[in-house]
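Understanding the architecture of this molecule
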Amino acid sequence: GQQLNQSPQSMFIQEGEDVSMNCTSSSIFNTWLWYKQDPGEGPVLLIALYKAGELTSNGRLTAQFGITRKDSFLNISASIPSDVGIYFCAGRNYGGSQGNLIFGKGTKLSVKP
Amino acid sequence: DTGVSQDPRHKITKRGQNVTFRCDPISEHNRLYWYRQTLGQGPEFLTYFQNEAQLEKSRLLSDRFSAERPKGSFSTLEIQRTEQGDSAMYLCASSAGLNNEQFFGPGTRLTVL
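Let me begin by describing the structure that accompanies this report. (Residues numbered from 1 in each chain as written. Chains lettered and ligands numbered in written order. Predicted model: local features only at pLDDT ≥ 70, side-chain atom pairs only at ≥ 80, totals over all residues. Heavy atoms only, no water.)

Considerations on the overall build of chain B
In terms of helices and strands, chain B carries zero helices and eleven strands. Counting helices and strands in the order they occur from the N terminus, chain B gives β-β-β-β-β-β-β-β-β-β-β. The C-alpha radius of gyration of chain B comes to 13 Å, within 12% of the 13 Å expected for a compact globule of 113 residues. Across its three principal axes, chain B shows a C-alpha extent of roughly 40 × 25 × 25 Å. Within chain B, the fraction of its 113 residues that count as buried is 46%. Long-range contacts, defined as pairs at least 24 residues apart, comprise 53% of the intrachain contacts of chain B with a sequence gap of at least 6. In the form shown here, chain B has an accessible surface area of approximately 5700 Å², with 45% of it arising from carbon and sulfur atoms. Computed over 14 positive and 13 negative side-chain charges, the separation of the two mean positions in chain B equals 6 Å. (Helix = DSSP H or I, 4+ residues; strand = E, 2+ residues; numbered from the N terminus. Rg over C-alpha atoms; globule rule 2.2 N^0.38 Å. Buried < 20%, exposed > 50% of the residue type's maximum accessible area, 1.4 Å probe, protein only. Contact = heavy atoms within 4.5 Å. Areas by Shrake-Rupley, 256 points an atom, 1.4 Å probe, with all protein chains shown as cover. Lys, Arg positive; Asp, Glu negative; His and termini not counted. Charge placed at Lys NZ, Arg CZ, Asp CG, Glu CD.)

Notes on the nonpolar core
Core analysis: the biggest nonpolar cluster contains 22 residues, and A:W34, A:L74 and A:L109 have the highest contact counts within it. Of all the secondary structure elements, the ones that give two or more residues to this core are β2 (10–14), β3 (19–24), β4 (29–37), β5 (44–49), β7 (61–65), β8 (71–76), β9 (85–93) and β11 (107–112) of chain A. Counting residues in each nonpolar core, the second largest holds 18 residues, with B:V19, B:F21, B:I79 and B:L110 among its members. (Core = buried A, V, L, I, M, F, W, Y, C linked by side-chain atoms within 4.5 Å.)

So, the pairing of strand β6 (residues 55–58) of chain A
Residue and element names in this part refer to chain A. Relative to β7, β6 runs antiparallel, the two being bridged by four bridges. What sits directly across from L55, in β7, is Q64. Remark: two residues form the turn of the hairpin made by β6 and β7, two consecutive strands paired antiparallel; G59 in that turn has positive phi of roughly 65°. (Pairing = 2+ DSSP bridges.)

Remarks on the interface of chain A and chain B
How big an interface is tends to be reported as the loss of accessible area on association of its parts. In this complex, chain A contributes 21 residues to the contact, which on the side of chain B involves 23 residues. Overall, the association of chain A and chain B removes approximately 1800 Å² of surface from exposure, summing both partners, and the carbon and sulfur fraction of that is 47%. Taken together, the links from chain A to chain B amount to one salt bridge. As a salt-bridge pair, A:E41 and B:R9 come within 3.5 Å of each other at their nearest N and O atoms. Every element with two or more residues in the side of chain A that touches chain B is listed here: β4, β5 and β9 of chain A. Classifying every residue of the side of chain A that touches chain B gives eight nonpolar, ten polar and three charged. (Buried area = accessible area lost by both parts, 1.4 Å probe. Salt bridge = Lys/Arg side-chain N within 4 Å of Asp/Glu carboxyl O. Nonpolar A, V, L, I, M, F, W, Y, C, P; charged D, E, K, R; others polar.)

Quick look at the state of the cysteines
Under the definition given, this model contains two disulfides over all chains. At a sulfur-sulfur separation of 1.7 Å, the disulfide partner of A:C23 is A:C89. Remark: A:C89 occurs in strand β9 and A:C23 occurs in strand β3; sequence separation between them is 66 residues. Judged by relative accessible area, A:C89 falls into the buried class, the value being 0%. In this model B:C23 forms its disulfide with B:C92; the gap between the sulfur atoms is 1.8 Å. (Disulfide = S-S within 2.5 Å.)

Let's talk about the layout of surface pockets
If you roll a probe as big as a water molecule over the atoms, it shows you where there is empty space left. Size it by volume and the largest pocket reaches roughly 460 Å³. What lines the largest pocket is a set of 22 residues, and nearest its centre among them are A:Q37, A:I86, A:F88, B:L39 and B:G40. Secondary-structure elements contributing two or more residues to the lining of the largest pocket are β9 and β11 of chain A. Partitioned by chemical class, the residues of the lining of the largest pocket number seven nonpolar, ten polar and five charged. (1 Å grid on protein atoms, 1.4 Å probe; cavity = no way out; pocket = protein on both sides within 12 Å on 5 of 7 lines; lining within 4 Å. Points joined across faces, edges and corners; volume = space filled by probe spheres on them.)

Here it is, written out as structure tokens:
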């Protein structure tokens, strides 16, 4: 099925560093969501974005809905070991179903203490 | 805990057997979704219910797959004559309201031998 282009595929960083990851689509999206998934668990919703240009924070996390409506980024500031996991972007495109979220392939984050 | 719950968490079965999974959504969430996730991929949409009505099915949902939500609360996903390619994590999510943010359960890990 259709998937978003998410990058980078993986990141290995030092504790305390900032992290940035992004997601792009070939079609216009009206919703962007960012999830974090731990091994063997379901994705946990971090941030939801509904308007082009919207910038939303959740603690050390900040995400933006791109002006073109075809991209979004997630930043994590001052990373800590518990930030380890796989981060997924997900979106719903204009004209698409109300049910169907399209997911990226994920960014695997490793944090070195 | 009032989150989405799924049962069982793990299922190992032999090829050709039938399996059934259950999902209990967040109370009062009228929308319920099933996704499938294979290793290294993001979740892929399978089907979606609003109350008891199944409104959308992905082409990934072959005729061996059937989902029900008879009373608009819990849902079951049945796979008949399982194949090794059915091995995956099956995720359930629920949502409500205009923004339709989807909250995921912990998933059922299916292994077909």
